[in-house]
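# Descriptive analysis of the structure
Spelled out, the chains give:
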Amino acid sequence: MASSSVVATRTPAPAGPAADFRTCPVTGLAVHRPAETLIITNAVTAVVFLAFGGLLALLIGLTRWPAVHLLPAELFYRFVTAHGTTMLVFWILFFEVAGLYFGSAVLLNARLVTPRAGWIAYALMLAGALVTEAAMLTGEANVMVTAYPPLKGHPAFYLGLIVFTVGALVAVGVFFATVLRARAEGLVKTSLPLVTYAFLAAAVLAVFTLVSGALALIPTFLWSMGWLPSVDPAVYRLLFWGFGHGSQQVNLAAMVGVWYALASLTVGARPLHEGLSRLAFFLYVAFIQLGSIHHLLVDPGLGTSNRIMNTSYFMYLATVGSMIHAFSIPSAVEVAQRERGHHRGLFTWLRKAPWSEPGFAALALSLLWFGFVGGVTGVIMGQMQLNMLVHNTLFVPGHFHSTVVAGTTVAFMGIAYYLLPLIGQRPLAFPGLARWQPYIYSLGLAVLTGSMMAAGKLGVPRRLWDITYQQAAIPVTVFEDPRVQLLLAGVGIGAVVAVLGGAMFVAVMLGTLFSHRTTTRVGAGLRIALPPATPPVTTPPITGGSDPEEPGSEQGRKAQGPAASMGPAGQAAGAGRAAALQPGDPGARAEAPGTVVLVFAFLAWFVLMYVVAWSNLHKAWPVG
Amino acid sequence: MNGAERGPALHAVAGPGGASALEPPPRVWWGPLGRIERVWLMAGLIWALVMFAMMWIWPHVGHQNTPIESYRMAPADFKAAAEAFIKEHQVGEEFGVPVVEPEPGGEVYLEAMAYQWRPILRLKRGETYRLYVSSTDLQHGFSIQPLNLNFQVLPGYVYVIELTPQQTGEYAVVCNEYCGVGHHLMSGRLIVVD
């Protein structure tokens, strides 16, 4: 390698009793044992909530499918409330807390500052979640996850959420303290790893979000107790969406961090330009929260300048951040794949990607669906005028199921396939299930979200038990349209398939957790393609064709030990990289022609969807 | 191979492409952008500016813009105003709900309440009406179908929506914000005549 190479030796053992640490045999990281326990506990709790929320999803999906129409109205609304809260708040935040501890203590080889505070955070979050679940499941708070006043729920609903929020804030504090102390102790030699940096961005966003949530929920709790006469519905909406959408921006930053992590783990990808990727996260932190006001676009009470500045100008700068990631992640994968020898043509690298590896499949599917569907629809819905066409229709859950579920949840599932075996030191259970799971889950979500969005375009409201309006004061026949019936059947069928995929994930996770097999080969069944341990020496670069690491090839799979890429093939790949890319050559970065085609195809799709949306709006009556 | 003895794998390997996202980056990670990165960044910025500009441009080229006029008003006062309006303009009754026919170009009151939209409106095609929409109890969603125009309705706030019907026919008004266990019963009607 050239003189610009920096080969860091592993960071020195952190201060404190060495018994607190173990060395991960796969990654070589020093793992702080108390952090490890907290990570497993939070992640498993998250998975339990995911399983419960999935069960509710099945019941809701089967109710919106008109031919089945499973639940009575009261139970439907009760379960929609519980599903939304369980998934958007409990599943995601417990998992993100696990991610924060992993991104700080484990990736930095550091000691988690005050595990005790971590446990306090966990106890508060769990207690709050259980209290809120109890309020929802007993039917005392059928108020939806948005809980818009003056619709009133049982005080326990709000109190539980507040306690949960405080717990989450404590966890975020533990993360910040851990990062700061790792820096102070010299464990971070240069800058934070990109994944940790992403989680840092998520944590900064989380502080804003959680404070906003407290500002919305505390007065509402006092009002529900009868201690405040009223809560202004418009002010509540403003504060609530600082929390409600803000938390989705936390998910976004965390998800993109997980994308980078998965790209590194599965194909050994290295971001082409650290600075650009970091800039993109900075754009999230600086601008994306202001975009949260887009939920108020068709509310009374906000002026035009406010709408335009907050929901568009600032939001679009955050959109640029997402477009940066949309380039930098596939390009990193492409370069890594080309270094492995898959360099023929534009897309051989993609065709030869490890599609049977659940982490890679989850990365690719999450990136695809989040980008092409969730992200694009979100930006379009956030356009001031266009919002009138979809506000509160089924298009909205179609959008957020493609971001938070097909995007974030799929990515989180993908990283969980690594997190639980490596941190839990157990082999992955049911690898066959794991291999198919991302595809089945994503297929269900594709049907679900596609149907929801199309039905929303036809005007079908969200959160509605009965599309026939049979007992309504004034008959509504507009939804007897056979297209609506078909699309709502799609919602039900998509939900069933997605829940099946979700159940497969839960089975793999719980099977892994309760596995009694202990082995040092914890990475068995997983492809872990970290960079070679030592700088590669002179080995001729691989020049295409098949290589023994081909996924799906049984030979390749057997050859992959926990540190497969440290084997000869990995070294050769490293040498190939050294030979192919001349340090300092500006052209060296641009060796991702396939990605260039992909991102411009994405931009063309984005523009097309945008033009279609305006043309739809143009057909509506003049309004203003 | 058994990797148990293999040492640390998370080394920063510098050079083009930098380090893995899981490890600390090289000491200098802020070098110049490559050509294609610059092109893509510019494309993203230009596209963001186009989207930003559209919201300013549409009021000049299109006719569908988000209403921004609204007033604060106590729900009881709005209810009284709506009742007075109905009394003045009522022309009939359907499904037990009054039907009103306001003068073309005039003001129209529409009350949302769990679980009904009141009154039924009969409007003339091509005329512009000022719809005063508010709720007298909870939050509701004002949704005209199959036109698919949707607005949020809050108690205590009167939203002024200027609407110009373009086609004759009967339109459903539904609620698309959850407002209680009878949410799926909340309907209204808008009739456009020549």
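## Considerations on the overall build of chain B
In terms of helices and strands, chain B carries two helices and twelve strands. Going from the N terminus to the C terminus, chain B shows its helices and strands as α-β-α-β-β-β-β-β-β-β-β-β-β-β. Since a compact globule built from 194 residues should have a radius of gyration of about 16 Å, the 28 Å found for chain B marks it as more spread out than a globular shape. Expressed as lengths along the three principal axes of its C-alpha atoms, the size of chain B is roughly 85 × 45 × 30 Å.

## A look at a nonpolar patch on the surface
On the surface, a cluster of nonpolar side chains totalling about 280 Å² of accessible area is made up of L346, F347, V597 and L598 of chain A. Structurally, the position occupied by L598 of chain A is in helix α17 (residues 593-619).

## Looking at the nonpolar core
Grouped together as the largest cluster of nonpolar side chains are 263 residues, with contacts concentrated most on W117 and F142 of chain B. No other element matches helix α2 (residues 73-106) of chain A, which puts 22 residues into this core. I474 of chain A together with V97, V99 and I191 of chain B belong to the second largest nonpolar core, which has five residues in total.

## Some words on the packing of helix α7 (residues 246-267) of chain A against helix α8 (residues 274-287) of chain A
Residue and element names in this part refer to chain A. Across the interface, α7 lies against α8 with an axial gap of 10 Å and an inter-helix angle of 165°. One element, α7, and the other, α8, form an angle in the roughly antiparallel class. Crossing geometry of α7 relative to α8 is assigned as left-handed. Note on element contacts: α8 touches α7 through S277, F281 and Y284, opposite L252, A253, V256, G257 and Y260.

## Overview of the pairing of strand β6 (residues 120-124) of chain B
All names here are of chain B. Here strand β3 (residues 97-100) pairs with β6 via two bridges, running parallel. From the neighbouring strand, V100 faces β6, where its bridge partner is L121. Pairing of β6 with strand β12 (residues 187-193) involves four bridges; the strand directions are parallel. Along β12, the bridge assignment pairs L123 with V192.

## Some thoughts on the packing of aromatic side chains
All names here are of chain A. Applying the stated criterion across every chain yields a total of 43 aromatic pairs over all chains. Between Y236 and F240, the aromatic rings sit 5.7 Å apart at their centres with planes inclined by 20°, giving stacked as the arrangement. Of the two residues, Y236 and F240 both sit in helix α6 (residues 233-244), four residues apart, roughly one turn of that helix. Comparing Y236 with F240 shows no difference in burial state: the two are buried.

## A word on the packing of α17 of chain A against helix α1 (residues 35-61) of chain B
At a minimum axis separation of 11 Å, α17 of chain A and α1 of chain B run at an interaxial angle of 5°. The orientation of α17 of chain A with respect to α1 of chain B, classified from their angle, is roughly parallel. On α1 of chain B, the residues that touch V596, V599, F600, F602, L603, F606, V607, Y610, W614, L617 and H618 of chain A of α17 of chain A are I36, V39, W40, A43, W47, V50, M51, M54 and W58 of chain B.

## Some words on the confidence of the model for chain B
Residues and elements named next belong to chain B. On average, residues of chain B score 90 in pLDDT, and 91% of them reach the 70 mark or higher. Throughout residues 1-16 the model reports pLDDT below 50, and contacts reaching past four residues in sequence, or to other chains, amount to 58 contacts. Across the assembled chains, the prediction reports ipTM 0.92 with pTM 0.90.

## A look at the side chain of S187 of chain B
Inspection of the secondary structure puts S187 of chain B in strand β12. Look at S187 of chain B and you get buried, because its relative accessible area is 0%. There is a polar contact of 2.7 Å between the side chain of S187 of chain B and the backbone oxygen of I474 of chain A. Those residues in contact with S187 of chain B that sit more than four places away from it in its chain are Y469, A472, A473, I474 and V476 of chain A together with Y115, Q116, W117 and V173 of chain B.

Here is what the cut-offs are and how they apply
- Counting from 1, residues in each chain are numbered in the order their sequence is written.
- Chains and ligands are labelled by the order in which they are written, letters from A for the one and numbers from 1 for the other.
- Reporting of local features is limited, given that this is a predicted model, to residues whose pLDDT is at least 70; pairs of side-chain atoms are given and counted only at 80 or more, and all residues count toward the totals for whole chains, interfaces and linings.
- The side-chain numbers reported here are obtained from all heavy atoms of the structure, hydrogens and water having been left aside.
- Comment: elements are numbered from the N terminus, with helices defined as DSSP H or I runs of at least four residues and strands as E runs of at least two.
- The globule rule used here is 2.2 Å times the number of residues to the 0.38 power, and the radius of gyration it is set against is calculated over C-alpha atoms.
- Grouping into patches uses exposed residues only, defined as over 30% relative accessible area, and leaves out salt-bridged ones; the cut-off is 9 Å for like charges and 5 Å for nonpolar side chains (Val, Leu, Ile, Met, Phe, Trp, Tyr).
- Surface accessibility follows the Shrake-Rupley procedure with a 1.4 Å probe radius. Residue values consider only the protein chains on display as shielding.
- Put simply, a salt bridge is a Lys or Arg side-chain nitrogen that is within 4 Å of an Asp or Glu carboxyl oxygen.
- Only buried Ala, Val, Leu, Ile, Met, Phe, Trp, Tyr and Cys residues count toward a nonpolar core, and they belong to the same one when joined by side-chain atoms within 4.5 Å.
- Note on exposure labels: buried denotes an accessible area under 20% of the residue type's maximum, exposed denotes more than 50%, and partly exposed covers the range between, all computed with a 1.4 Å probe on protein chains only.
- Helix axes are fitted to C-alpha atoms over the stretch in contact, other axes to C-alpha atoms as well, and angles between N-to-C directions run from 0 to 180 degrees.
- Roughly parallel means an angle under 35 degrees; roughly antiparallel, over 145; roughly perpendicular, 65 to 115; everything else is oblique.
- By convention the crossing between two helices is left-handed if the near helix lies anticlockwise of the far one by an angle smaller than a right angle, and right-handed if it lies clockwise.
- The criterion used for residue contact is that any of the two residues' heavy atoms lie within 4.5 Å.
- By definition, two strands form a pair when at least two bridges between them are found by DSSP.
- Aromatic contacts are taken between Phe, Tyr and Trp rings whose centres are within 6.5 Å, Trp giving its six-membered ring; a plane angle under 30 degrees counts as stacked, one over 60 as edge-to-face, and the others as tilted.
- How sure the predictor is of each residue is captured by pLDDT, a score from 0 to 100.
- In the analysis that follows, any N or O atom pair within 3.5 Å is treated as a polar contact, provided that within protein one partner can donate a hydrogen and the other can accept it, and provided that, for residues neighboring in sequence, both atoms belong to side chains.

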